[in-house]
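Now for the letters of each chain:
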Amino acid sequence: MAGEFSADQIEDFKEAFGLFDRVGDNKVAFNQVADIMRALGQNPTNKDVKKILGDPSADDMANKRLDFEAFLPMLKTVDAIQKGTYDDYVEGLRVFDKEGNGTVMGAELRIVLSTLGEKMTEPEIDSLMTGQEDENGSVHYEAFVKHIMSV
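Computed from a predicted model, the values in this text were never measured in an experiment.

A positive phi angle, close to 60°, is found at N26, a residue other than glycine. For N26, the position within the fold is in the loop between α1 (7-19) and β1 (27-29). Taking the relative accessible area as the measure of exposure, N26 reaches 59% and is therefore exposed. The phi dihedral of D55 falls on the positive side, at around 55°, and the residue is not glycine.

Moving on to the packing of helix α6 (residues 86-94) against helix α9 (residues 141-150). Packing of α6 against α9 leaves a shortest axis separation of 9 Å and a crossing angle of 140°. Taken as axis vectors, α6 and α9 run oblique relative to one another. Relative to α9, the crossing made by α6 is right-handed. Only Y141, E142, F144, V145, K146 and M149 of α9 make contact with α6, whose side of the interface consists of Y86, Y89, V90, L93 and R94.

Next up on the list: the environment of D35. When you line up the elements, D35 lands in helix α2 (residues 33-39). With 28 residues separating them in the primary sequence, D35 and N63 have C-alpha atoms 16 Å apart.

Scanning the entire structure with this criterion turns up four aromatic pairs. Ring geometry for F17 and F71: centres 5.3 Å apart, planes at 45°, overall tilted. You can see F17 sitting in helix α1 and its partner F71 sitting in helix α5 (residues 68-80), a full 54 residues away along the chain. Of the two residues, F17 and F71, neither departs from the other in class, the shared state being buried. One aromatic cluster is present, built from ring pairs that chain together F17, F68 and F71.

Looking now at the UniProt feature "domain: EF-hand" (unreviewed entry) in the chain. As annotated by UniProt and renumbered to match this structure, "domain: EF-hand" (unreviewed entry) occupies residues 8-43 and 84-119. Spanning residues 8-43, this segment combines 53% helix with 8% strand, and its end C-alpha atoms are found 21 Å apart. Helix makes up 53% of residues 84-119 and strand 8%, and the two end C-alpha atoms of the span are 17 Å apart.

A contiguous patch of negative charge on the surface is contributed by D8, E11, D12 and E15. Secondary-structure assignment places E11 in helix α1.

Its location among the elements puts E142 in helix α9. Leave out the neighbours within four places in its chain, and E142 touches Y86, V90 and R94.

Conventions used here
Residues numbered from 1 in each chain as written. Predicted model: local features only at pLDDT ≥ 70, side-chain atom pairs only at ≥ 80, totals over all residues. Heavy atoms only, no water. Helix = DSSP H or I, 4+ residues; strand = E, 2+ residues; numbered from the N terminus. Buried < 20%, exposed > 50% of the residue type's maximum accessible area, 1.4 Å probe, protein only. Axes fitted to C-alpha atoms, helices over the stretch in contact; angles between N-to-C directions. Parallel < 35°, antiparallel > 145°, perpendicular 65-115°, else oblique. Left-handed = near helix turned anticlockwise from the far one by under 90°. Contact = heavy atoms within 4.5 Å. Phe/Tyr/Trp six-rings, centres within 6.5 Å; stacked < 30°, edge-to-face > 60°. UniProt positions renumbered as here; feature names shortened; annotations may be inferred. Patch = residues over 30% accessible without salt bridge, like charges linked within 9 Å, V, L, I, M, F, W, Y side chains within 5 Å. Areas by Shrake-Rupley, 256 points an atom, 1.4 Å probe, with all protein chains shown as cover. Salt bridge = Lys/Arg side-chain N within 4 Å of Asp/Glu carboxyl O. Lys, Arg positive; Asp, Glu negative; His and termini not counted. Charge placed at Lys NZ, Arg CZ, Asp CG, Glu CD.

Next up, the structure:
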């Protein structure tokens, strides 16, 4: 997207935003902001979203609400965040390729996903890893990155 949004884009964003309004007050809960951004093609971390929202408490995340006019600048902020590229992710996984054959051990990848960076839960990891491991428990990481980036 980058830069300013067109009037058509803003209209689309407003329509999508409205779908998340469960109360009918043209506002959404703080805890829905990340989901809306992802529905609009962004991929912010939960940490990024909390920072943009001003580091709210868990209670505020569930109870505070914001309108579209407050949401749009937040979406622009997320849109401007540098995104990792295919090559960045492949290079990051290559570190775990001990044999230099384009694969990493699935078990090792699971540990990394659950312990480093924005930690994933077991169900999230299982969902991500479904169909990615070969009969030896290895993951072809270039195909894995393509799979992740296409989701």
